[in-house]
Amino acid sequence: MTEQWLEAAPEDSLGEGILRPVFPGGLPVLLVRRGPEIFAIENRCAHMGCPLAAGKLEGHILECPCHDWRFDIRDGSFLAAPELALKTYKTELRNGSIFVRIL
Ligand code: FES
């Protein structure tokens, strides 16, 4: 299958630790910058679908605002049961923009 990368946001719009919802190709994705890395995860909780953009971030751990499920933004895993995970997407910087690989 051919890779598909879509522009999601200007790089300078994503400050450290900000939870920024974007919709590349209509998908609900959450961008998070941690130090030199930019992570992209599904912006929909694996429990009951709450948007994670309103959650609380500590280090690389994101807590859902609805019922406090906690996920690692590096691989999307649910801390209490790592076999359950959010979808994650690769990111890349190109000419000042953040691109997300959706396929
Ligand atoms: S919807 Fe996220 S913990 Fe329930």
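Here is a short report on the structure shown in this document.

Quick notes on the rules
- Residue numbers restart at each chain and count upward from 1, following the sequence in its written direction.
- In view of the model being predicted, local features appear only for residues whose pLDDT reaches at least 70, and side-chain atom pairs are presented and counted only at 80 or more, with totals across whole chains, interfaces and linings using the full set of residues.
- For two strands to count as paired, DSSP must find a minimum of two bridges between them.
- A run of H or I in DSSP counts as a helix once it spans at least four residues, and a run of E counts as a strand once it spans at least two, with each numbered from the N terminus.
- Note on geometry: axes are C-alpha line fits, over the in-contact stretch for helices, and angles between N-to-C directions span 0 to 180 degrees.
- Each nonpolar core comprises buried Ala, Val, Leu, Ile, Met, Phe, Trp, Tyr and Cys residues, the members being joined through C-beta atoms within 7 Å.
- Think of it as a crowd count around each C-beta: if 20 or more other C-beta atoms lie within 10 Å the residue is buried, if 12 or fewer it is exposed, and in between it is partly exposed, with C-beta placed from the backbone throughout.
- Whether two residues are in contact is decided by their C-beta atoms, placed from the backbone, lying within 7 Å.

### With respect to the sheet that holds strand S6 (residues 61-63)
One open sheet accounts for three strands, arranged S5-S6-S7; its pairing is antiparallel. At either end of the open sheet lies a strand with only one pairing partner, and these are strand S5 (56-58) and strand S7 (70-72). In this sheet, adjacent strand axes meet at a mean angle of 25° when their direction is disregarded. Here S5 pairs with S6 via three bridges, running antiparallel. Residue Glu-58 lies in a different strand from S6, and its bridge partner there is Ile-61.

### Considering the pairing of strand S2 (residues 19-22)
With four bridges connecting them, S2 and strand S3 (residues 29-34) associate as antiparallel partners. Within S3, the position partnered with Val-22 by the bridge is Val-29.

### Quick look at the nonpolar core
In terms of nonpolar packing, the biggest core is built from 23 residues, with Ala-8, Val-29, Leu-30, Leu-31, Ala-40 and Val-100 touching the most fellow members. When contributions to this core are tallied by element, the ones reaching two or more residues are S2, S3, strand S4 (37-42) and strand S10 (97-101). Discounting residues that sit within four places of it in the chain, Val-29 has contacts with Ala-8, Val-22, Phe-23, Pro-24, Ala-40, Glu-42, Asn-43, Tyr-89 and Val-100.

### Things to note about the sheet that holds strand S1 (residues 5-10)
If you trace the three strands from one edge of the open sheet to the other, you get S1-S10-S9, paired in antiparallel fashion. If you trace the sheet from one side to the other, it starts and ends with S1 and strand S9 (91-94), each paired once. Each strand of the sheet is rotated relative to its neighbour by a mean of 35°, with strand direction disregarded. Pairing geometry for S9 and S10, over four bridges, is antiparallel. The residue bridging Thr-91 from the neighbouring strand is Val-100, located in S10.

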